[in-house]
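The lines below spell out each chain.
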Amino acid sequence: MTVVTTTCPMDCPDTCALDVHVDEGRVTAIRGSRGDHPTTDGFICSKVGSFAKRVYHESRVLHPLRRKGAKGSGEFERITWDEAISEITTRFQAIIAGHGAEAILPYAYGGSNGFVSDGLLDDYFFARLGASQIEKTLCAAPTGAIATAMYGKMPGVAPEDYVHAKMIVVWGANPKASQIHLIPYLQEARRRGAFVVTIDPRQALASKEVDLHLSILPGTDVVVALAIIGELARLGAIDHAFLGAHATGARALLDEAAAWPVERAASVAGVDAGAIREIARRWAEASPAVMRCGWGLERNTNGAQAVAAVLAIPAVSGKFGLRGGGYTLSNSGAAKLDVEPFFAGLKWTARTLNMSKLGTLLTEPLSPPIKALFVYNCNPVATVPDQNSVVRGLMRDDLFTVVHDQVMTDSATYADIVLPATTFLEAWDVKRGYGSFVVGGVKPAIAPVGESMPNDRLFARLGQAMGFDDPQFRTTSEECVRYVASHLDMGNGRKPDVDALLAGSFTRYDFPGAAPVQFETAFPRTPERKVDLRPSILGDDPWSFVAISDPRFPLSLITPASSRMISSSMGEYNFDELFVELNPGDAARRGIGDGAAVRVFNTLGEVRVRARITDRIRPGVVSMNKGAWMKSAGNGRTAAALCPQNVEPVSGGACYNDARVEVEKTS
Ligand code: SF4
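It should be emphasised that the depicted structure is a prediction, and the values quoted were computed from it without experimental measurement.

Cut-offs applied
Residues numbered from 1 in each chain as written. Predicted model: local features only at pLDDT ≥ 70, side-chain atom pairs only at ≥ 80, totals over all residues. Heavy atoms only, no water. Helix = DSSP H or I, 4+ residues; strand = E, 2+ residues; numbered from the N terminus. Rg over C-alpha atoms; globule rule 2.2 N^0.38 Å. Contact = heavy atoms within 4.5 Å. Areas by Shrake-Rupley, 256 points an atom, 1.4 Å probe, with all protein chains shown as cover. Lys, Arg positive; Asp, Glu negative; His and termini not counted. Charge placed at Lys NZ, Arg CZ, Asp CG, Glu CD. Pairing = 2+ DSSP bridges. Axes fitted to C-alpha atoms, helices over the stretch in contact; angles between N-to-C directions. Buried < 20%, exposed > 50% of the residue type's maximum accessible area, 1.4 Å probe, protein only. Near = heavy atom within 4 Å. 1 Å grid on protein atoms, 1.4 Å probe; cavity = no way out; pocket = protein on both sides within 12 Å on 5 of 7 lines; lining within 4 Å. Sits in = over half its atoms within 2 Å of the grid points. Nonpolar A, V, L, I, M, F, W, Y, C, P; charged D, E, K, R; others polar. Points joined across faces, edges and corners; volume = space filled by probe spheres on them. Domains from an automatic or database assignment.

Student: If you had to explain the overall build of the protein chain to someone new, which residues and values would you point to?
Tutor: Check the secondary structure of the protein chain and you find 22 helices and 29 strands. A compact globule built from 667 residues should have a C-alpha radius of gyration of about 26 Å, and the protein chain, at 24 Å, falls within 12% of that. Counting only contacts in the protein chain whose residues sit at least 6 apart along the sequence, the fraction spanning at least 24 positions is 76%. Within the structure as shown, the protein chain displays about 23,000 Å² of accessible surface, and the carbon and sulfur contribution to it stands at 49%. Taking the average location of the 69 positive side-chain charges in the protein chain and that of its 73 negative ones, the two points are 3 Å from each other.

Student: Describe the sheet that holds strand β10 (residues 212-214), listing the residues and the values that go with them.
Tutor: Reading across the sheet, the five strands line up as β10-β9-β8-β12-β13 and stay open at both edges, with parallel pairing between neighbours. Only two strands of the sheet have a single partner each, and these edge strands are β10 and β13 (326-328). Neighbour-to-neighbour, the strand axes of this sheet turn through a mean angle of 15 degrees, independent of strand direction. Note that strand β8 (residues 167-171) and strand β12 (residues 289-293) share five bridges and pair parallel. In the strand pairing of β12, Val-170 is matched with Arg-292. Running over the sheet, helix α13 (residues 303-316) touches β8, β12 and β13 and is turned about 165 degrees from β12.

Student: Describe the side chain of Ser-632, with residues and values.
Tutor: Tracing the chain through its elements places Ser-632 in the loop between β28 (621-623) and β29 (660-665). In this structure Ser-632 comes out as buried when scored by relative accessible area, which is 5%. Sequence-distant contacts of Ser-632, defined by excluding residues within four places in its chain, comprise Phe-575, Asp-576, Glu-577, Leu-578 and Thr-638.

Student: Please set out the pairing of strand β18 (residues 417-420) residue by residue, giving values where relevant.
Tutor: Across the two faces of β18 the burial is the same, with Ile-417 and Leu-419 and Val-418 and Pro-420 all buried. Relative to β18, strand β4 (residues 65-67) runs antiparallel, the two being bridged by two bridges. In the sheet register, Arg-66 faces β18, and the bridge partner there is Ile-417. Of the strand pairs in this sheet, strand β17 (residues 400-405) and β18 are connected by four bridges, and their pairing is parallel. For Val-403, the partnering residue across the bridge sits in β18 and is Val-418.

Student: I'd like a description of the site of the ligand, backed by residues and values.
Tutor: Contacts to the ligand come from Cys-8, Cys-12, Asp-14, Thr-15, Cys-16, Ile-44, Cys-45, Val-48, Ile-180, His-181 and Ile-566. At a threshold of 2 Å from the grid points, most atoms of the ligand map onto the largest cavity. Its residues assigned to classes, the shell around the ligand shows eight nonpolar, two polar and one charged.

Student: Describe the environment of Thr-666, listing the residues and the values that go with them.
Tutor: Position of Thr-666 among the secondary structure elements: in the segment after β29. Considered as a pair, Thr-666 and Arg-202 are 464 residues apart in the sequence and their alpha carbons are 25 Å apart.

Student: Can you lay out empty space enclosed by the protein for me, pointing to particular residues and giving the numbers?
Tutor: All told, the structure shown has three cavities of 30 Å³ or more when counted by the stated rule. If you add up the space inside the largest cavity, you get close to 120 Å³. For the largest cavity, the lining is made up of 15 residues, of which Cys-8, Cys-12, Asp-14, Cys-16 and Cys-45 are closest to its centre. Every element with two or more residues in the lining of the largest cavity is listed here: α1 (46-49) and α6 (175-178). In the lining of the largest cavity, the residues fall into nine nonpolar, four polar and two charged. Estimates place the volume of the second largest cavity at around 40 Å³. In this structure, the second largest cavity is lined by Ala-173, Pro-175, Thr-198, Asp-200, Arg-202, Gln-203, Ala-204, Leu-205 and His-213. A class-by-class count of the residues in the lining of the second largest cavity yields four nonpolar, three polar and two charged.

Student: Explain the layout of surface pockets residue by residue, including any values.
Tutor: In this structure, the second largest pocket encloses a volume near 350 Å³. Around the second largest pocket, the lining is made up of 19 residues, and of these Arg-202, Ser-562, Phe-575, Arg-612 and Asn-625 lie nearest the centre. Contributing elements (two or more residues each) for the lining of the second largest pocket: α6 and β25 (579-582). Across the lining of the second largest pocket, the residue classes tally to six nonpolar, six polar and seven charged. If you count residues domain by domain, the lining of the second largest pocket takes at least three from each of domain 2 (142-332 + 517-538) and domain 3 (555-665).

Here it is in structure tokens:
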């Protein structure tokens, strides 16, 4: 038995250091490293702890496949890699001749990938083709746009520094599902006297784990944040000295906040005004205090405004300059990869299409139309809004669809060609943490299972098969790792240690110090090196609030992360049944008991599941986990079927939480 050191690249802020136990070429266990990784500390989530199930699962795609039944039937025949590559390149060449290269659409998100498998050879290949570009908006578009505009993606408070905070606000995040290493730090901070607040329509942490939970209506975060700022002003807790030295736009923000007295905001958000006042008072008194801004608040029409108002709270109150004080969003901006040398002058100038509107892109007139869809690092049927229109699009006879994936996903069943992909245990990569301050090497622990291929090898091979003689298509995976190591800036020109990456280990940052102190060792990366509290990307009415309602569908649907899947990954074995959660009052009014069969519906579709009655969800809101596979619901449709294709106006981000639904009992 050998133990292979590697890094978890899954879409999770923690970026754990892993010990992978391998016996006779098979993974037998995956454990958290006990080494000096800043957050792993010898434990990992059960999702990755049981990831060997995915590696050897019966639905693993082991060979290239060609569709032989109807689209969506799941009937395929085995073909060779040579046949698959030949068919793809032949079809691509015909489409380019008939419609132009923009008729080919690469479709990838890549949250669970690193620099080698997301944005290097794949982008180079599609840029070389001149294919359409995809705007990656399913997650983090509003938060990314606002964090960039306000702070230039300044590195945030490290998870391990939360123990120093005297107040912690977790806003729109569920660390139990998607950042478990934050939990011990929250507990330790509380043991040391910190006041912990969660703000979310659904109470994810147990009552005994938090001091105050504010259960707001979806989409109302912006007005609650403005009311907190207004209350801070009323308490005399605005740090004018800090604002004068380090911020722009404060006057406009404070004026807007004054228009949202606590009572007005509380009435819109459906919460107790006293609770908003208590949060503001305690925040004013606490030092250090930290705001953990998650991604739940961005998934609606008011998402960008909400993030802008929430991220302004630490600034107006001057909560920076101390370990454990400030804010955390994504820390991905701490390191930046320069891809220009790799692209060597190649510009990708083709049109850009928003991935959140895939259903429309595939089913409504477009010039040129999409004739080929190449899906990788993504499972759009399970994750993209308006599932029914996505499926209608994938059923088009004239659409040539290729899916490169590890298992036979719902999306793969609609493909013409399915290609076997390696898991992270079988391929090289480099992962930049977006919570933990590490850059980690992803090193293969076992040989590729079946005939699976990493996507950097796939795109190198496709490039050569298309007749391109660019040297990029002859680089090896190890050369890609070396490229990333030498072109990744971890601040002040510092690079990760290439030997550590190739050994599956990690490099820590140095701010100086392994974790930043905002406005002490890490500063805004905006042009003026100041926080911009009134970012121009918000337009003329920067903190506008739009109420989303539909009298026919009185319940708001939220679709949070599950502790059993990462987006849709592992849904093939780890998420057998999808439920809808209802508040007891909403359930009683509809005659719905716990476990009752129900249909959740709106004009876009319906989902047939069983009800779970819980007072963790506030009245007027229902919840279904995101990423569920079709087999987990009675009618083969999941929460994505009820989410509109609305996009957030500032960033184009998906507005899952704009979904309004009704629930009724079925027999
Ligand atoms: S998913 Fe997150 S918690 Fe789980 S092993 Fe990976 S980085 Fe760690």
